[in-house]
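# Summary of structural features
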Amino acid sequence: MAEGAHAEEAAGAGRGLALLLAVTAAFAAVIGARASLLAGEASGNWQQAVRQEVKAAAAAVEDIRFVYGDEAAQAFRVLEATVRAEEYRAAAEQATGATRDILLAEASAQDHVRGALLASAEVAQDARYERPDGTYDLGLRLRDLRNRFPDLVALRPDDPQAAGDRVARHAINATAVTIPLGLTFVFGALAQGFPGRRRPFLAAGVATLAAGAVAAAVVELIA
Amino acid sequence: MAADLDVEAISEVSGETGFARWLALLIGAAAILAAVLATLQVDAGKQEERALHMASRLSVRVFEGTAGGSPRFSFQVNGMQRALTLAISATAAQIAVLERPEVADAIQARAEADARAAERLLDMAVSMGSAPTASSGLDEATRLLVGSSPVDWSGVAAEQGRQVDIADRFAERGNRALFGLSLVALGGVLTGLAAVLGRGTPGMTAAGAASLAHGAAALLAIAAVLA
């Protein structure tokens, strides 16, 4: 009778052990799949941050180059002609005879230069860009140019970067949940290898499995 | 004659239980080592990847900073050069006209006008080429970019190099963890082989080799953490 009860108990413990290890394996597989998906999502976010960085930089650099490299240079040439014409006229007022005529002719020539350049100087044509000191507000011009494409101005590569960091932490934490599950396997193996202490090892295995489940829940909640 | 046979005791005497326990410990060690090494590998992999992405972003920023700050500076310098060229021409004309007294009045008056114009243009070049202020309404990122000089980006360049170093360090950690995982897999196969071969010399040899593989994997896990 005692032998039968012993065999019955051993068979029950064996089934319990098999169930514990099967549940742990399935749980570990789910955790692994979840961590893998999260890791992929983190990579996607980081790549998005790089894409946005390149896009934002290219747009900003091109706008700056256009304003300061092309438009500002042309506007300054218009200014030069304007200032020279003004100074020649001012000098002509103090002069007489041929000197006066030459200075007025020079002023007229600069007026023509200004007129010719003005047609291709958008900044100099628009009164909104004029400043009290006679120069042009290139910052305002750059703002107008940039705001033609507000989506590019609104790009914030740090946002997908932060999202990637958050998801990566989630993936790493999820993977770490497999450590208590690994302990469950350790106790399962010990339960099999030390039949005399099967029950305590099984209990420890169940406890580490439960700890893994709690850890997984915590990881999901704090993500 | 009924007798209670203690199978475990018989196995113990035959040495089979000891061998089975050894194999059980090897399986348990493989499970925990695999979990720890996988966590280390994922952590190292993500940290390396993040650092490489940051290095890429910072490379773009260094380029953006140097390419975005220089047009304003170049414009300012070119404008000042134009103004100075006009001033130099005025001075040169005033010198040259000393030998031509018949046109001295006109050339002198023109040169003086040019000198005054050059002075005004110099101020205008400085004014237009100054970094835009917040009152321009320009977004802060572009404003900082336009107002920057290459020196301002040296810190970013240094940080870019640091990120590459971080990536290298985590790559080394990841490699060690991956090597450890390979050894765990090898140890697992050898453990299975030992179980099939049983408690003979070949089985004991396989179990011994599995133990060595797991031991090496544990050392690699420690080495990975220290990397």
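Cut-offs and rules
Residues numbered from 1 in each chain as written. Chains lettered and ligands numbered in written order. Predicted model: local features only at pLDDT ≥ 70, side-chain atom pairs only at ≥ 80, totals over all residues. Helix = DSSP H or I, 4+ residues; strand = E, 2+ residues; numbered from the N terminus. Rg over C-alpha atoms; globule rule 2.2 N^0.38 Å. Buried ≥ 20, exposed ≤ 12 C-beta atoms within 10 Å, placed from the backbone. Contact = placed C-beta atoms within 7 Å. Axes fitted to C-alpha atoms, helices over the stretch in contact; angles between N-to-C directions. Parallel < 35°, antiparallel > 145°, perpendicular 65-115°, else oblique. Nonpolar A, V, L, I, M, F, W, Y, C, P; charged D, E, K, R; others polar. Core = buried A, V, L, I, M, F, W, Y, C linked by C-beta atoms within 7 Å. Left-handed = near helix turned anticlockwise from the far one by under 90°. pLDDT = per-residue confidence, 0-100. Expected span 1.5 Å × (residues − 1). Arc of directions from axis to C-beta.

### Observations regarding the overall build of chain A
Within chain A one finds eight helices and zero strands. N-terminal to C-terminal, the α/β element order of chain A is α-α-α-α-α-α-α-α. Computed over the C-alpha atoms, the radius of gyration of chain A is 39 Å, more than 25% above the 17 Å expected from 2.2 N^0.38 for a compact globule of 223 residues. Seen through its C-alpha atoms, chain A measures out along the principal axes to roughly 140 × 25 × 20 Å. When the 223 residues of chain A are sorted by exposure, 44% land in the buried category.

### Examining the overall build of chain B
Regarding its fold elements, chain B presents six helices and zero strands. The order of α-helices and β-strands along chain B, N terminus first, is α-α-α-α-α-α. Relative to its length of 227 residues, chain B is extended, with a C-alpha radius of gyration of 40 Å against a globular reference of 17 Å. Seen through its C-alpha atoms, chain B measures out along the principal axes to roughly 150 × 40 × 20 Å. For chain B, with 227 residues in total, the buried portion stands at 41%. Residue pairs in contact within chain B that sit at least 24 positions apart in sequence constitute 82% of those at least 6 positions apart.

### Here's the deal with the packing of helix H7 (residues 178-193) of chain A against helix H8 (residues 198-222) of chain A
Residues and elements named next belong to chain A. One way to put it is that H7 packs onto H8 with a least axis distance of 8 Å and a crossing angle of 170°. In terms of axis orientation, H7 runs roughly antiparallel to H8. Contacts between H7 and H8 pair Pro180, Leu181, Leu183, Thr184, Phe187, Gly188, Leu190 and Ala191 from the former with Arg198, Phe201, Leu202, Ala204, Gly205, Thr208, Leu209, Ala211, Gly212 and Ala215 from the latter. Its residues placed into classes, the contact of H7 with H8 shows 12 nonpolar, five polar and one charged.

### Details of the nonpolar core
Ala171(A), Leu33(B), Ala34(B) and Leu37(B) are the most contacted members of the largest nonpolar core, which has 70 residues in total. Looking at this core, the elements that each hand over two or more residues are helix H1 (2-94), helix H6 (158-176), H7 and H8 of chain A together with helix H2 (16-96), helix H5 (154-197) and helix H6 (201-226) of chain B. For this core, the element with the most residues is H2(B), which contributes 23 residues. Not counting the four nearest positions on each side in its chain, Ala34(B) is found in contact with Gly182(A), Leu181(B) and Val184(B). Ala83(B), Ala90(B), Leu121(B) and Met128(B) belong to the second largest nonpolar core, which has 45 residues in total.

### A closer look at the packing of helix H2 (residues 97-118) of chain A against helix H3 (residues 104-128) of chain B
Running from N to C, H2(A) and H3(B) point in directions that differ by 40°, and their axes come no closer than 9 Å. Compared by their axis directions, H2(A) and H3(B) come out oblique. You can see that H2(A) and H3(B) cross each other, and the crossing is right-handed. Between H2(A), through Ala98(A), Thr99(A), Ile102(A), Leu103(A) and Glu106(A), and H3(B), the contact on the second element is made entirely by Asp105(B), Ala106(B), Ala109(B), Arg110(B) and Ala113(B). Taken together, the residues of the contact of H2(A) with H3(B) break down into six nonpolar, one polar and three charged.

### A closer look at the interface of chain A and chain B
Contacts between chain A and chain B engage 66 residues on the former and 58 residues on the latter. Ranked by the residues each element gives to the side of chain A that touches chain B, the list is headed by H1(A), at 28 residues. Of the residues contributing to the side of chain A that touches chain B, the split by class is 43 nonpolar, 11 polar and 12 charged.

### Some thoughts on the confidence of the model for chain B
Mean pLDDT over chain B stands at 90; residues scoring 70 or higher make up 93%. The ipTM, which scores confidence in the relative placement of chains, is 0.81 for this predicted complex, and the corresponding pTM is 0.81.

### Overview of H2(A)
All names here are of chain A. With 22 residues, H2 should cover 32 Å at 1.5 Å per step; its first-to-last C-alpha distance of 32 Å lies within 8% of that length. Buried within H2 are the following residues: Thr99, Ile102, Leu103, Glu106, Ala107, Gln110 and Arg114. Along the axis of H2, the buried positions cluster into a sector of 135°, meaning they face one direction only. Away from its buried face by more than 90 degrees, H2 exposes Gly97, Ala98, Ala105, His112 and Gly115.

### Let's talk about H6(B)
Taking 1.5 Å per residue as the helical rise, H6(B) with its 26 residues ought to reach 38 Å, and the 37 Å between its terminal C-alpha atoms agrees with that figure. Among the residues making up H6(B), those that are buried are Ala206(B), Ala207(B), Ala210(B), Ala213(B), His214(B), Ala217(B), Leu220(B), Ala221(B) and Ala224(B).

### Here we look at the environment of Arg100(A)
All names here are of chain A. For Arg100, the position within the fold is in helix H2. Judged by local crowding, Arg100 falls into the partly exposed class, with 17 C-beta atoms found within 10 Å. In this structure the C-alpha to C-alpha distance between Arg100 and Tyr88, which are 12 residues apart in sequence, comes to 9.0 Å. Once residues lying within four places of it in the same chain are set aside, the contact partners of Arg100 are Ala92 and Ala95.

### Observations regarding the environment of Val123(A)
Residue and element names in this part refer to chain A. Within the fold, Val123 resides in helix H3 (residues 122-125). Each C-alpha atom of the pair Val123 and Gly212 lies 66 Å from the other, and the pair is 89 residues apart in sequence. Each residue touching Val123, except ones within four places of it in the same chain, is listed here: Glu71, Ala72, Ala75, Tyr129, Tyr136 and Arg141.

### A look at the environment of Leu142(A)
In this fold, Leu142(A) is placed in helix H4 (residues 138-146). Taking the C-beta count within 10 Å as the criterion, Leu142(A) has 27 such neighbours and is therefore assigned buried. Distance from Leu142(A) to Ala60(A), taken between C-alpha atoms, is 9.6 Å for residues 82 residues apart in sequence. Those residues in contact with Leu142(A) that sit more than four places away from it in its chain are Asp63(A), Ile64(A), Val67(A), Pro132(B), Leu138(B), Thr142(B) and Val146(B).

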